[in-house]
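Letter by letter, the chains look like this.
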Amino acid sequence: MPRHDKDKEVSEWYKLFADGVFSSENYILFTQVQQELIAANEQLLAVEEELRKQLEEAERTREALANANHRLEMILDFLPDPTFVIDSEGIVTMWNRAMEDLTGIKAREMVGKGDYAYAVPFYGRRQPMLIDRALHKGRYNVDNGSFTGKPHIEVMHEEIFSPQLKAGGACLSCKAAPLLDYKNHVVGAIQTIRDITEQKRAEKILRESEEKFRYIVENIEDGYFEVDVKGNFTYFNNFLIGNIGYTRMEFQGLNFRKLMDEENGNLVFKAFNQVYRTGKGLRELSWEVRRKDGSSLYVESTVLPIIEGGKITGFRGIVRNVTERKKAEEALRKSERNLQKQVKYLNTLIDNMNELFLTYDKDGRISFVNKRSLEVIGYAFDEVLGRYMLELVAPDDYIKAAVEIDKCLKQGKDSSYEVALIHKEGREIILKMNAAPIIDEEGNITGGMVLAEDITEKKKALKELEISEAKYRAIVEDQTELIMRLDDKGNIDFVNEAFCRYYRMSRDKITRVKFIDLVYEKDREYTENALQTLNLMKSVCNIESRVRMPDGEVRWQQWTHRAIFDRWGKLLGYQSVGRDITEWKKTEERLQFLSCHDALTGLYNRFYFEEQMQRVEKSGSMPVGLIMCDVDGLKIINDTLGHDKGDSLLKSVAEVLTNSFRREDTIARVGGDEFAVLLPGTDRKALEKAVNRLRSNIRDYNEKNSGMLISLSIGYAAREAENTSMQELFRQADNAMYREKLHSGQSVRNSIVQTLTKALEARDFITEGHGERMQDLVVAVAEELGLPENTINDLRIFAQFHDIGKVGIPDAILFKPGPLTAEEYQIMKGHSEIGYRIALAAPELVFIADWILKHHEWWNGKGYPLGLRGNQIPLECRILSIADAYDAMTNDRPYRRALSPEEAIAELRRCAGIQFDPYLVEEFVFVLKKKGYK
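Residues numbered from 1 in each chain as written. Predicted model: local features only at pLDDT ≥ 70, side-chain atom pairs only at ≥ 80, totals over all residues. Heavy atoms only, no water.

1. A word on the overall build of the protein chain
Point 1. For the protein chain, the helix and strand inventory stands at 34 helices and 27 strands.
Point 2. Going through the 934 residues of the protein chain one by one, you find that 45% of them count as buried.
Point 3. Accessible area of the protein chain: about 49600 Å², with a carbon and sulfur share of 51%. (Helix = DSSP H or I, 4+ residues; strand = E, 2+ residues; numbered from the N terminus. Buried < 20%, exposed > 50% of the residue type's maximum accessible area, 1.4 Å probe, protein only. Areas by Shrake-Rupley, 256 points an atom, 1.4 Å probe, with all protein chains shown as cover.)

This is the structure:
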């Protein structure tokens, strides 16, 4: 009841009392009631005021909770790592954008689902995940499908492999933690996921690389040592102590001066001192070392500084035993330390996460930091709250951090970068920062937030790993010798840079082949046998063999192969060190070969043959036979077919001679086209049999070979009396040879012509019917012109052999599918002169030699080789040039398809008066139509 209503009621009661309606007792009672009513009314008013205040407070609390919830949702959705949240019933309540990108499932499709639906994108089936163990504070029992174990309130971590994600699956790092309310009750759980597939792959590659170089150093065939700055040995490999004779325990801590006399000790000290002062290594140092038994060991060594923390803490080097250089070709350095364990990536949400999380306002002042941030930077919460972000940044990264913060606050852009912060104690901490703007509901930027990972240890580990890997790689790569490692099947799985340079191949290409495939074919069996004989008792072999280079070149190498076995005696592979000894081999072989052999044929030379004659002369041995041979027509073959063909003929002659005589007979090339054979213990009768055997072998060769035929003029003589000197015997055989050459001159020339004709046939100028067609055409025209029968017969032979000079033209030009270059055309034009020389050498062709020379002359004088014109050109040549052109146009050539007869006739008429005799062109066309040629 309102107060003014209550006052009115009291005044009415007072009027009644004044009028005497109530007695004094009643008035007292009334007064008491009135006071109680007033007190009750005041109490009601106070209660109303309290209720109003509570309602206002509740409204403020509701708004604060709504803002906090909105802020939390922004933080969760901003997280770069895939994150999702479930409530206490296992229902998905949050599925951030990174989770959508990872799984391809939108939040709207997953939020609100339970029954382990969130496991399907990872495992392809519903099953508990790490988040469920965090929620139920226990471990999942696979056998009965229940959760067991003691409560867990800390962050839980595991790495899993998800076959469902990406092509071939993905390695994931997962972290989960329960979410607690203010009463410390579990109200849900959160899980974050990080794709560590590439990290795992990179770690595997680095680990394998370090293990590879460590293994090489531990198994090199040279000595390796490390000493401190005082010269005391701190590390040495088995090869070193094995060669010096000390036990490992005796050698450990031993000073280098104990291994040598004062003079050599001073040399070593001087080298160490120079390396210490300059920081640069020294190479090819020679010292004398005393073995434990007192004997001397001469070594070559390198000295390099050991640098740790920017200071030289000792020296290391490779020692090569040059007393037995061929047994120790390579030295590798000792592996220093194991790979660093991978840096543990921490990832959790705000105080439940192991990452650093902080926010700052529009001025760049820190407004919030989580517990992990305080642990990392070493400050208390009150010490960083309100400070500028840039105050914590290392000076070198100040500008970079300022740019990134400005980008976030002014441009509203997300960014990821690395920056160094200064710990409270002054040391630097390297963080990987993921920054994003904080945007209110109206779209305004109110500040920024950073999710950061402490990567200080990771950076340090990677740097140490790179230094370690580079250190061992440098030991191997700095060597000039060829270093390789083979697996147990002989496949190359490692080579050094010198090996790559030697073979002019990339490392990737080399490591895809077998070593034996690089070895020269004739040396492969020898090399394979040498490797297969290696065992635990004899694990090292030294061999010299040839290799075939990528460009086909054959070179000599010297290799030291060491078989590597495991502790059970199983072959793991081979470690090999090699060097090129080609020049040394070439020098050795050249000196031996050239002293007594002909370079072209491989037979003995004149110098060796004359030495053998002198030896027979001095020994007085009898009987002795001597045969002289001269290669017929070699000059013609060289002039027409080229010196390559002539050389080939000489090699064939050498082969026939080798197959015709005994091993004890001496066969030699004693001149350009002359060969001689010395036959000890051979009288005249046996000598005649040997000559007949040679002639028979020549006939057999000529019957079996369609190419160059062999024709030899042979003379021989036998020494059967002491008064005949070897020089006289040589003259007798030589004179006999020349007599035969004079008597068989005509048949020799016929043989040469036959050889060249076969060469022409082999190159498809006759076998394709060209010669026959040409004969038919020129004979038909000659008959139409009424030429004599003997001229017509000569024309037949001319048509058959007019292009015989093309046997001297290279195939690359003769059968080129496209147009010839100017230089190639000049070579092609030479076939007329080559054919002319061939015809002059054969009496059967002498009468057409002039025609062969001039059959490419043109009517207008622009032909070749003499530039004749009009009637200066023999009639026979003019007839053949028209027939030759027609046959060429109407048949396929490498560079074009055949023309029709009509098209060919049109071309002949177009060139009449230019290339061809115009009168003969019309006669030729008349003959074609008359005879019905196609």
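Back to the write-up after that little detour.
2. Some remarks on the sheet that holds strand β26 (residues 674-680)
Point 1. Taken together, five strands build an open sheet; the order of strands is β23-β25-β26-β24-β27 and the sheet is mixed. Taken across any chain shown, the strands that pair with only one partner, and hence form the sheet edges, are β23 (604-605) and β27 (712-719).
Point 2. The pairing of strand β24 (residues 624-631) with β27 spans eight bridges and is classified as antiparallel. Its bridge partner lying in β27, valine 624 is registered against arginine 719.
Point 3. Set on the sheet, helix α22 (residues 643-660) makes contact with β24, β25 (666-669), β26 and β27; between it and β24 the angle comes to about 155 degrees. (Pairing = 2+ DSSP bridges. Contact = heavy atoms within 4.5 Å. Axes fitted to C-alpha atoms, helices over the stretch in contact; angles between N-to-C directions.)

3. With respect to the packing of aromatic side chains
Point 1. This structure, assessed with the given rule, holds 19 aromatic pairs.
Point 2. Ring-pair connections join several aromatic residues into one group, and the members of that group are Phe225, Phe233, Phe236, Tyr246 and Phe251.
Point 3. Over the ring of tryptophan 556 we find lysine 585; its NZ or CZ atom is 4.5 Å from the centre of that ring. (Phe/Tyr/Trp six-rings, centres within 6.5 Å; stacked < 30°, edge-to-face > 60°. Lys NZ or Arg CZ within 6 Å of the ring centre and 35° of its normal.)

4. A look at unusual backbone geometry
Point 1. For the peptide bond that leads from methionine 622 to proline 623, omega is -10 degrees, which places it in the cis range.
Point 2. Structurally, the position occupied by proline 623 is in the loop between α20 (606-619) and β24.
Point 3. Omega for the bond connecting tyrosine 864 with proline 865 falls within 30 degrees of zero, at 10 degrees, which places this linkage in the cis form.
Point 4. Secondary-structure assignment places proline 865 in the loop between α31 (846-854) and α32 (875-889).
Point 5. Even without glycine at this site, tyrosine 116 takes up a positive phi of about 60 degrees.

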